[in-house]
Amino acid sequence: MKNDVDVSSHTNAVEFDDGVYWIGALDPSLRTFDIILTTANGTTYNSFLIRGSEGVAIVDTVKENFSDEFFARLESVADYSEIKVIILNHLEPDHTGALPELMRRAPQAKLYISQRATSMLKALLKPAGGQFEYTTVKTDDSVSLGDRTLRFLHTPFLHWPDTQCTYLEELGVLFSGDIFGCHYCDKRLYNDRVGDFRFSFDYYYAHIMRPFKKHVMDALKLIEPLTLKKIAPTHGPILRERPRRYVTHYRELSTSSLSGEVGVTDKSLIVFYMSSYGNTAKMAEEISEGASIVDGVRVSLYDLEGGETDPFVDLIEEADALLFGSPTINGDAVKPVWDLLSSLAVVNLKTKIGGAFGSYGWSGEAVRMIEDRMRGLKMKIPHEGIRVKLIPTDEELEQCRDFGRSIAESLVGKPQKKAVIDFADLA
Ligand code: FEO
């Protein structure tokens, strides 16, 4: 493929299809994005210009401090008076930083956003003052540039409520917003020209899209039937070489591997624990025993002392119930438990059941602290956790088995007896 990219001057637009231009910005020195994401070689803020027989459309803009670069590239291929349409696929500031100024320079342009973007747009343009008009669009709405048609796909929560995609019908180009994006800066721009960005693509998916897998699957239902010649996301390479490969990869990443196993229809309950003197471990084993007698529940027991966090996060994502056992040390749960709990921000936990247990010496705060964290993650806690002072007695171990069975039964919809057990009161 010919060497047809030149962004070295910071003023050149790149025509990557007939009348379709990249007018974005390169940010090679960025190392941390949105506080939680790292990038080894920066990112790009991709913005696009589409020229039709009856006007010009702009799809997304750039982060505010890259506005000069964006406007210089835009001016290299169009006059502001030609801009008929501004489409915002996503209103996060890295894509709308130049919007107020663009609207000032092209006041005749009409804004197109998703319904859910309305309140964000108002908040965004509030500092700029004045009146502004916009049109909300949904799946299969379209806007015409004469010989070019831009059709909208409603793809919310990828990764904000407002997100949508725009499809250029005549050329088969999908402007996908953050979907299929990654923080990878390479001025060669195209996926078949830049360096190996696979790790960045998967990292971005894992941190940005993963909590919204259900919404990814919904979006793929709209995207997969399209004739896809190119995918133009808002970050990272333009995917012009085998673009459908990335769609397939998103489906793979968003598909539950556990449910793909032959014959697996059981609910999954996982018991994680750490133990100082074997007492919390003994409780964990009895809880697992109790849960295991319930038909239709698959129970797994893991000692956090022997595991890495990342594979556990994968298991947790597909589990239906999670129980955490920790001793109380210095008034707190132990670090491996917190490490695992804190890594769950990338997982949707809303429908999962949680529970906690643990042995303690004299104060025993860990169980309640773990429960509070799980509630904060929107998990349901159907049974208050079990706290045992030092070594569990036979009676206490029996209570652990009951606790495990009750949690398991609540997974399969069986009647549960209300169990509120605090052996601290008995000590
Ligand atoms: Fe790239 Fe969600 O902004």
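Note that the structure is a prediction, hence the values are computed from the model and not measured.

About the criteria used
The residue numbering used here restarts from 1 in each chain and proceeds along that chain's sequence as written. In keeping with the predicted nature of the model, local features appear solely for residues at pLDDT of at least 70, side-chain atom pairs appear and are counted solely at 80 or more, and the whole-chain, interface and lining totals rest on all residues. Side-chain figures throughout are based on the complete set of non-hydrogen atoms in the structure, without hydrogens or water. Secondary structure is summarised from DSSP: a helix means a run of H or I of at least four residues, a strand means a run of E of at least two, and numbering begins at the N terminus for each. Between buried and exposed lies partly exposed: a residue is buried under 20% and exposed over 50% of the maximum accessible area for its type, with that area taken using a 1.4 Å probe on protein chains only. Accessible surface area values rest on a Shrake-Rupley calculation with a 1.4 Å probe, where residue burial reflects the displayed protein chains alone. Charge convention: Lys and Arg are scored as positive, Asp and Glu as negative, and His as well as the terminal groups of each chain are ignored. We put the charge of a Lys on NZ, of an Arg on CZ, of an Asp on CG and of a Glu on CD. Here a Phe, Tyr or Trp ring, Trp counted by its six-membered ring, pairs with any other such ring whose centre lies within 6.5 Å, and the pair is stacked when the planes are under 30 degrees apart, edge-to-face when over 60, and tilted otherwise. By the criterion adopted, a ring carries a charge over it if an Arg CZ or a Lys NZ lies within 6 Å of its centre and within 35 degrees of its normal. The definition of a polar contact used here is a pair of N or O atoms within 3.5 Å, where within protein one atom must be able to donate a hydrogen and the other to accept one, and adjacent residues in sequence count solely through side-chain atom pairs. Only buried residues count toward a nonpolar core. Its members are Ala, Val, Leu, Ile, Met, Phe, Trp, Tyr and Cys residues joined through side-chain atoms within 4.5 Å. The contact criterion used throughout is that any non-hydrogen atoms of two residues lie within 4.5 Å. When a carboxyl oxygen of Asp or Glu lies within 4 Å of a side-chain nitrogen of Lys or Arg, that pair is called a salt bridge. Disulfides are defined as cysteine sulfur pairs within 2.5 Å. Pairing between two strands is assigned when DSSP locates at least 2 bridges connecting them. For every element, the axis is a line fit to its C-alpha atoms; helices are fit only across the contacting stretch, and the angle between N-to-C directions ranges from 0 to 180 degrees. Domain start and stop positions are those given by an automatic or database domain assignment. Two parts placed together each lose some accessible area under a 1.4 Å probe, and the buried area is that loss summed for both. Residues are grouped as follows: Ala, Val, Leu, Ile, Met, Phe, Trp, Tyr, Cys and Pro are nonpolar; Asp, Glu, Lys and Arg are charged; all remaining types, including Gly, are polar. Angles below 35 degrees are treated as roughly parallel, those above 145 as roughly antiparallel, those between 65 and 115 as roughly perpendicular, and all remaining angles as oblique. Note: crossing handedness is left-handed where the near helix turns anticlockwise from the far helix by less than a right angle, and right-handed where it turns clockwise.

Honestly, the overall build of the protein chain in this entry has me stumped. Any pointers?
The helix and strand inventory of the protein chain stands at 12 helices and 21 strands. Projected onto the principal axes, the alpha-carbon positions of the protein chain cover approximately 80 × 45 × 40 Å. Scored against the burial criterion, the 427 residues of the protein chain give a buried share of 55%. Only carbon and sulfur atoms are counted for the fraction: they give 50% of the accessible area of the protein chain, which is about 18700 Å². Charge centroids of the protein chain, computed over 48 positive and 62 negative side chains, lie 3 Å from each other.

Would you take a moment to explain the packing of aromatic side chains for this structure?
Think of a pair of aromatic rings as described by two things: how far the centres are apart, and how the planes are tilted against each other in angle. Taken as a whole, this structure holds 16 aromatic pairs when the rule is applied. Ring geometry for Phe 197 against Tyr 246: centres 6.1 Å apart, planes inclined by 20°, an arrangement best described as stacked. Here Phe 197 is found in the loop between strand 15 (173-177) and helix 5 (198-209), whereas its partner Tyr 246 is found in helix 7 (residues 244-254), with 49 residues between them in sequence. One exposure class covers both Phe 197 and Tyr 246, and it is buried. An aromatic cluster of three or more residues is present, and its members are Phe 180, Tyr 184, Phe 197, Phe 201, Tyr 205, Tyr 246 and Tyr 250. Over the aromatic face of Tyr 190 sits the side chain of Arg 240, whose NZ or CZ is 3.7 Å from the ring centroid.

It is not clear to me how the side chain of Ser 410 should be interpreted in this structure. Could you clarify?
Following the sequence through the fold, Ser 410 ends up in helix 12 (residues 394-412). There is a polar contact of 2.5 Å between the side chain of Ser 410 and the backbone oxygen of Ile 407.

Just checking my understanding: could you explain the nonpolar core for this structure?
Generally speaking, soluble globular proteins have nonpolar side chains that are buried together. One finds Ile 83 and Phe 180 to be the most contacted residues of the largest nonpolar core, which totals 62 residues. If near-sequence neighbours (up to four positions away) are discounted, Ile 83 is found in contact with Val 56, Ile 58, Leu 74, Leu 102, Ala 106, Gln 108 and Ala 109.

For this particular structure, what's the right way to read the pattern of salt bridges?
Should the charged atoms of two oppositely charged side chains come close, the side chains can pair. Evaluation of the coordinates by the stated rule reveals 27 salt bridges. As a salt-bridge pair, Arg 251 and Glu 224 come within 2.7 Å of each other at their nearest N and O atoms. Of the two residues, Arg 251 sits in helix 7 while Glu 224 sits in the loop between helix 6 (213-223) and strand 16 (230-233), which places them 27 residues apart along the sequence. The closest approach of N and O atoms between Asp 372 and Arg 375, which form a salt bridge, is 3.4 Å. In this pair, Asp 372 and Arg 375 both sit in helix 11 (residues 366-376), three residues apart, roughly one turn of the helix. What makes Arg 375 partly exposed here is its relative accessible area of 43%.

Would you explain the environment of Ser 410 in this entry?
On the basis of relative accessible area, Ser 410 is assigned to the buried category, the value being 15%. Along the backbone, Ser 410 and His 383 are 27 residues apart, and their C-alpha atoms lie at a distance of 9.7 Å.

Whenever I open this one, the state of the cysteines confuses me. Can you help?
As used here, a disulfide is simply a covalent bond connecting the sulfur atoms of two cysteines. In the structure shown here, the tally under the stated rule is zero disulfides. Cys 185 supplies the cysteine sulfur nearest to Cys 182, a cysteine that is in no disulfide, at a spacing of 11 Å.

Would you mind going over the sheet that holds strand 17 (residues 267-273) with me for this structure?
Adjacent strands of a sheet form backbone hydrogen bonds with each other and so pair up, either parallel or antiparallel. An order of 18-17-19-20-21 is seen for the five strands of this open sheet, with the pairing classed as parallel. Each having just a single partner strand, strand 18 (297-303) and strand 21 (386-389) make up the two edges of the open sheet. Each strand of the sheet is rotated relative to its neighbour by a mean of 15°, with strand direction disregarded. Bridge count between strand 20 (residues 353-360) and strand 21: four bridges; the pairing is parallel. The residue bridging Tyr 360 from the neighbouring strand is Lys 389, located in strand 21. Its contacts with the sheet put helix 11 on strand 19 (321-325), strand 20 and strand 21, and the angle it makes with strand 20 is roughly 165°.

What exactly am I supposed to notice about the domain arrangement of the protein chain here?
Size of an interface, as often reported, equals the accessible area lost when the parts are brought together. Partitioning the protein chain into structural domains gives domain 1 (7-254) and domain 2 (260-426). Centre-to-centre separation of domain 1 and domain 2, based on C-alpha positions: 43 Å. Residue-level contacts link five residues of domain 1 with seven residues of domain 2. Interface of domain 1 and domain 2: buried area, both sides summed, is about 460 Å²; carbon and sulfur atoms make up 39% of it. Taken as a group, Arg 210, Pro 211 and Lys 213 account for 87% of the area that domain 1 buries against domain 2, more than any other trio of residues on that side. For the pair domain 1 and domain 2, the interface holds three salt bridges. Between Glu 317 and Arg 210 there is a salt bridge, and its shortest N-O distance comes to 2.9 Å. The interface formed by domain 1 and domain 2 includes three residue pairs in polar contact (both at pLDDT 80 or more). Residues that form the side of domain 1 that touches domain 2 fall into these classes: two nonpolar, one polar and two charged.

Looking at this structure, how should I read the packing of helix 8 (residues 279-292) against helix 12?
Each pair of packed helices can be summarised by the angle the axes make with each other and by the distance between the axes. One can describe the packing of helix 8 onto helix 12 by two numbers: an axis separation of 6 Å at closest approach and a directional angle of 45°. Taken together, the axes of helix 8 and helix 12 lie oblique to each other. Once helix 8 is placed against helix 12, the crossing between them reads as right-handed. Each of Lys 282, Met 283, Glu 286, Ile 287, Glu 289, Gly 290 and Ala 291 in helix 8 lies in contact with helix 12, whose residues at this interface are Leu 397, Cys 400, Arg 401, Phe 403, Gly 404, Arg 405 and Ala 408.

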